[in-house]
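What follows is the residue order along each chain.
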Amino acid sequence: MVLETYKKKRKFNKTPEPKPVVKKTNLSRFVVQEHHASHLHWDFRLEIDGVLKSWAVPKGVPEKPNIKRLAVQVEDHPVDYLFFEGKIPEGQYGAGTVKIWDQGNFKLYEQTPQLIDFELSGKRLKGNYVLIHTRANQWIIFKKK
Ligand code: MN
């Protein structure tokens, strides 16, 4: 079931995070959240097919071309997570503070199991990006020239 992993990892009477609801829209939005968890990382999420395809990027999504960053795919998140900021309590999955670092829209040019090619129109992130699947849950993200 869609969002089953998201649901299993969380207790919704303890975390302020959005409930696991699939929401199909005709929008293509993205968000980058700065997540001060046990290790600081940035979560990159693309709205596709009623959920947010999600990656944890330890060093952040590059703003300049040709800087390759590891992006670890994590469970799909609900679309309402586009707007989530706040504190995930101690003891809960992903405990720590979440702040929106960038948000906007994207155009999807190509999506295969190996590659996602898209253009971001955010406040900080703008331009053509690609995610390349390397192995297991690991991807590389970079901005194209
Ligand atoms: Mn995270």
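Residues numbered from 1 in each chain as written. Predicted model: local features only at pLDDT ≥ 70, side-chain atom pairs only at ≥ 80, totals over all residues. Heavy atoms only, no water.

(A) Region of interest: the overall build of the protein. Scanning the protein from N- to C-terminus turns up 1 helix and 9 strands. Each helix and strand of the protein, placed in order from N terminus to C terminus, yields the pattern α-β-β-β-β-β-β-β-β-β. Dimensions of the protein, computed from C-alpha atoms along their principal axes, come out at roughly 45 × 30 × 30 Å. Taken across its 145 residues, the protein has 43% of its residues classed as buried. Across the protein, contacts joining residues at least 24 apart in sequence account for 49% of those joining residues at least 6 apart. Entry remark: accessible area of the protein is about 7900 Å², with carbon and sulfur atoms responsible for 52%. For the protein, the centre of its 26 positive side-chain charges and the centre of its 16 negative side-chain charges are spaced 3 Å apart. (Helix = DSSP H or I, 4+ residues; strand = E, 2+ residues; numbered from the N terminus. Buried < 20%, exposed > 50% of the residue type's maximum accessible area, 1.4 Å probe, protein only. Contact = heavy atoms within 4.5 Å. Areas by Shrake-Rupley, 256 points an atom, 1.4 Å probe, with all protein chains shown as cover. Lys, Arg positive; Asp, Glu negative; His and termini not counted. Charge placed at Lys NZ, Arg CZ, Asp CG, Glu CD.)

(B) Region of interest: the coordination of the manganese ion. Bound to the manganese ion on the protein side are His-35 (ND1), His-41 (NE2) and Asp-43 (OD), at distances that span 2.1 to 2.3 Å. Sequence spacing among the residues donating to the manganese ion works out to H-x5-H-x1-D. The two residues His-35 and His-41 agree in class, both being buried. (Donors = N, O, S within 2.8 Å, 3.2 Å for Na, K, Ca; no water.)

(C) Main features of the pairing of strand 3 (residues 51–57). For strand 3, the buried fraction is high: 6 of the 7 residues fall into the buried class. Pairing analysis gives 7 bridges linking strand 2 (residues 40–48) to strand 3, with the strands arranged antiparallel. Bridging across to strand 3, Phe-44 finds its partner in Trp-55. As consecutive antiparallel partners, strand 2 and strand 3 are separated by 2 residues, and within that stretch Asp-49 has a phi angle of approximately 55°, a positive value. Sheet analysis places strand 3 next to strand 4 (residues 69–78), joined by 5 bridges and oriented antiparallel. Counted as the bridge partner of Ser-54 is Val-74 from strand 4. (Pairing = 2+ DSSP bridges.)

(D) Quick peek at the packing of aromatic side chains. Tallying each qualifying case throughout the model produces 8 aromatic pairs. Between Phe-44 and Phe-118 the ring centres are 5.8 Å apart and the planes differ by 25°, which places this aromatic pair in the stacked class. Within this pair, whereas Phe-44 is found in strand 2, its partner Phe-118 is found in strand 7 (residues 115–122), the two being separated by 74 residues in sequence. An aromatic cluster is present here, built from Phe-30, Phe-44, Trp-55, Phe-118, Tyr-129 and Trp-139 joined pairwise through their rings. Over the ring of Phe-142 we find Lys-68; its NZ or CZ atom is 4.6 Å from the centre of that ring. (Phe/Tyr/Trp six-rings, centres within 6.5 Å; stacked < 30°, edge-to-face > 60°. Lys NZ or Arg CZ within 6 Å of the ring centre and 35° of its normal.)

Nothing here speaks to function; it is geometry throughout.
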